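Analysis of the macromolecular model
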Amino acid sequence: MFDPGQETLSAESEEDSNGINLMEFSDEILLHILSYVPCTDLVLNVRRTCRKLATLCLDKSLTHMVLLHKEYQVNKDKVKQLMRGIGKEIHQLNMAGCYWLPSSTIDHVIRCKNLVKLNLSGCHLTSLRLSKMLSALQHLRSLAIDVNPGFDASQLSSECKATLSRVLELKQTLYTPSYGVVPCCTSLEKLLLYFEILDRSREGFILSGQLMVGESNVPHYQNLRVFYARLAPGYVNQEVVRLYLAVLSDRTPENLHAFLISAPGSFAESGTTKNLLDSMARNVCLDALQLPKSWINGSGLLQHLKFNNPFYFSFSRCTLSGGHLILRVINGGKDLKSLTSLNLSGCIHCLSSDSLFRKAEDDIDSSILESLVVSCCNLRHLNLSAAHHHSSESLGKHLCQLLARLRHLLSLALSVCSITDVPTNTDKPPVQSVTNVVPPGLGKKIRIGVPTYAKNFLEQSNQTSQSSVFWTLLENLLFLKTLELIGSSFSSAMPRNEPAIRNSLPACSRAQSVGDSEVAAIGQLTFLQNLTLAQLPNILTGAGLVSIGLQCQHLRTLSLANLGMMGKVVYMSALMDMLKHCKCLRDLRLEQPYFSANTQFFQALSHCSSLQRLCIISRSGTLQFDAVMSFMANCLEVIMCHMFMGETLTVCKNLQQSILRSFQADRPALNVIIFPLLHEDLTEVIRDVPMMHLDEITLFKSRVAEEPPNLWW
């Protein structure tokens, strides 16, 4: 406890001769400043500095909500001290993704008697510990947990079930076929289900999706307002989600206003799901909708569903035509001002009037997009990736010109081929006015550490690209925080639950017109925080990356994949120059064949003082043992290092063990995987990656409008 007579720092006593004493600020200003300090630091450190801060650090505005998510230096002892100090004051506790904490840490949550919201996703939790904890949390209304193999609902006490009966919001991630605690939650209004069940056990046994059926195991959906299910690949996940849906099909909740199912690949419609959709069409009015593509394709479902004030639509991978989109969803342009998030990723015909005789590469109908922009003028998040949305050379306005009207956009995903100006000649890539350029096809080696781009490139690119439609688009979206430019045929070399892909599909011919000057245009986005660039074949030097590094000072997440020629990394010098300016960068993902993770690269990366997670995926890529170890020693915030390269298994294992042996004691959350990309056991290694890292950085995917905004607190 703080002793007023033993202050370690007298902030009131001595003022800086040239400045202002921080303690002279008002309590309101100081509380605002302290709100940016992690709660563990406030309670365990800052409050011990002086009397005034001792009082302010325990203010309700700072202690009611405690966020331990991504506080990677937190350990069991710190959690114990935190709960002892302010446990009774905490109303919301977020420990999501604290995979490094032992399961016994959960025992200390019992001190938080007044908890209303609790997020333990990604934490180690047994049935007995869950029962003991929930028995003491009588005010709990929102809960997020994982259900792992060995979970036994029969071990839950009557007091625990009483608490669960009052829970209104439940987020449940399933790693084993189970209802989890859903049957105990009889008052549910929001249910989020994440199905991460593998088809085979570690021992190789095929798993079954069958669940025990009985009165005590039947979910209660009568008060449900939001139903969301996200499925990882695998038939077991599909079997289990059908059992959850079976109850919904018997009696659809009258207050249901958001129904969302995200399923990869083919998820066939069954008699049960068809009855459910028919019941929804008759009885509910929706505000958010996402369905598997096979449930929408070829059906007249959309014309029967009723919408109130929709805020989220996802038709990812559907064959929905633009005509149907305007007529059945947008309702001819009426009542869609409420829509803030729209996912049309992989909808190859959504911007054409008819899909019957159209090829995927044909030009779009700009009038469809114009109707969309006019009707949905308040869009904040828009995903148009994974499709050839080619603007016509002569008919209508360009896609970029129309999207420039959406001034409220915060996140945007586009295909690379959709931003090109005019398709005058797609046989050869345009020649850019840059010196020291290595023409495609020549085998000239690039000296690492020597810039291979013109120093005056930024000035040249500004002069040549300011008239481009892409430049104009970004010029009008100055508050954009997330941008994804992804090749329409791009696929990551490391998919989920499958061997690594050895060959990639060629880029769209129109993408050959998109190069360094377009990348440089991204530097206009002063508030950009997340950037993804994938399959830009006409990157010649990567000089545009330097512009981004210099001007986008808020950049936190950077993902680069398959830029330039596939046989060599032509942008290495520019990347190293860029990284020297990325002081706020926290996550870096690089996917590029023949990438050399050498000393020069890691020296440049060491300038990223805020870096926490690094993932490199490179077929035939190489790494330098000493360079990696030196980087880890210099960058003290790095807690995740994933490298899937072309090195031998022995080299990879030795490096992984050395990193863990040297740094894990000081970094409790350290997660290291160094493994050959093309090794047959890759999928077994991947299954041990904490879900937070796997989902957010290791696996490549488009994340714009992937889920409704504010789906979970």
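Below is a short write-up of the structure. Everything quoted here is computed from the prediction, not taken from an experiment.

Thresholds, definitions, all that
- Here, residues in each chain are numbered from 1, in the same order as that chain's written sequence.
- Only residues with pLDDT of at least 70 are given local features in this predicted model, and only at 80 or more are side-chain atom pairs given and counted; all residues enter the totals for whole chains, interfaces and linings.
- Values shown for side chains rest on all heavy atoms present in the structure; no hydrogens or waters enter the calculation.
- Strands here are runs of E lasting at least two residues and helices are runs of H or I lasting at least four, both read from the DSSP assignment and numbered beginning at the N terminus.
- The contact definition used throughout considers only heavy atoms, calling two residues in contact when any of these lie within 4.5 Å.
- Using the Shrake-Rupley algorithm and a 1.4 Å probe, accessible areas are obtained, with residue cover drawn only from the displayed protein chains.
- For this analysis, a salt bridge means a side-chain nitrogen from Lys or Arg found within 4 Å of a carboxyl oxygen belonging to Asp or Glu.
- Buried, partly exposed and exposed residues are distinguished by accessible area as a fraction of the type maximum, computed with a 1.4 Å probe on protein chains only: under 20%, between the cut-offs, and over 50%, respectively.
- By definition, no residue in a patch forms a salt bridge, and every one has over 30% relative accessible area; like charges are joined within 9 Å, nonpolar side chains (Val, Leu, Ile, Met, Phe, Trp, Tyr) within 5 Å.
- Residue types Ala, Val, Leu, Ile, Met, Phe, Trp, Tyr and Cys, when buried and joined through side-chain atoms within 4.5 Å, form a set referred to as a nonpolar core.
- The pairing criterion is simple: DSSP has to find at least two bridges between the two strands.
- By convention a crossover is right-handed if, when the strands point away from the viewer, the path from the first strand over the helix to the second runs clockwise.
- Only the contacting stretch of a helix is used when fitting its axis, a line to C-alpha atoms as for every element, and angles between N-to-C directions run 0 to 180 degrees.
- For classification, angles of less than 35 degrees are called roughly parallel, those exceeding 145 degrees roughly antiparallel, those between 65 and 115 degrees roughly perpendicular, and all remaining angles oblique.
- Should the near helix be turned anticlockwise from the far one by less than a right angle, the crossing is left-handed, and should it be turned clockwise, the crossing is right-handed.

Bringing the overall build of the protein into the picture now. In terms of helices and strands, the protein carries 24 helices and 22 strands. Expressed as a percentage of contacts within the protein between residues at least 6 apart in sequence, the contacts between residues at least 24 apart total 78%. Surface summary for the protein: the accessible area is close to 30,100 Å², and the carbon and sulfur share equals 50%.

Time to look at unusual backbone geometry. Despite not being glycine, Arg317 shows a phi value in the positive range, around 70 degrees. Relative to the elements of secondary structure, Arg317 occurs in the loop between β10 (306-314) and α12 (322-329).

For the rest of this paragraph, the subject is the pattern of salt bridges. Scanning the entire structure with this criterion turns up 15 salt bridges. A salt bridge links Lys52 to Asp27; its shortest N-O distance comes to 3.6 Å. You can see Lys52 sitting in helix α3 (residues 51-56) and its partner Asp27 sitting in helix α1 (residues 27-34), a full 25 residues away along the chain. A relative accessible area of 25% means that Lys52 is categorised as partly exposed. A single network of salt bridges, built from pairs that share partners, joins Glu196, Arg230, Asp695, Lys701 and Glu706.

Now for helix α6 (residues 127-135). Residues of α6 that are buried include every one of Ser127, Leu130, Ser131, Met133 and Leu134, and no others. The secondary structure elements touched by the buried residues of α6 are β3 (117-119), β4 (142-147) and α7 (158-165).

As a further point, take a nonpolar patch on the surface. Judged by side-chain polarity, Ile20, Leu22, Phe25, Ile29 and Ile33 come together as a nonpolar surface patch covering roughly 440 Å² of accessible area. Relative to the helices and strands, Leu22 is located in the segment before α1.

The next subject is the nonpolar core. Considering soluble globular proteins, one finds that nonpolar side chains tend to be buried as a cluster. In terms of nonpolar packing, the biggest core is built from 206 residues, with Phe227, Phe259, Phe315, Leu403, Ile522 and Phe601 touching the most fellow members. For this core, the element with the highest residue contribution is helix α8 (residues 235-250), accounting for seven residues. In contact with Leu403, other than residues within four places in its own chain, are Leu369, Val373, Leu382, Leu384, Leu412, Leu414, Leu473 and Leu477.

Here we take up the pairing of strand β8 (residues 258-262). Burial analysis of β8 places five of its five residues in the buried class, which makes it a mostly covered element. Side chains Ala258, Leu260 and Ser262 of β8 all project onto a buried face; the interleaved residues Phe259 and Ile261 project onto the opposite face, where all are buried too. Where strand β7 (residues 226-231) and β8 come together, five bridges link them in parallel fashion. Bridge assignment links Tyr228 to a residue of β8, and that residue is Leu260. Remark: the β7/α8/β8 crossover connection has right-handed handedness. Judged from the three bridges that link them, β8 and strand β9 (residues 285-290) form a sheet pairing that is parallel.

Time to look at the packing of α6 against α7. At a closest axis distance of 8 Å, the pairing of α6 and α7 adopts a crossing angle of 65 degrees. On the basis of their axis angle, the class for α6 and α7 is roughly perpendicular. In the packing of α6 onto α7, the handedness of the crossing is left-handed. For the pair α6 and α7, contact is made by Leu130, Ser131, Leu134 and Ser135 and by Glu159, Cys160, Thr163 and Leu164, respectively.

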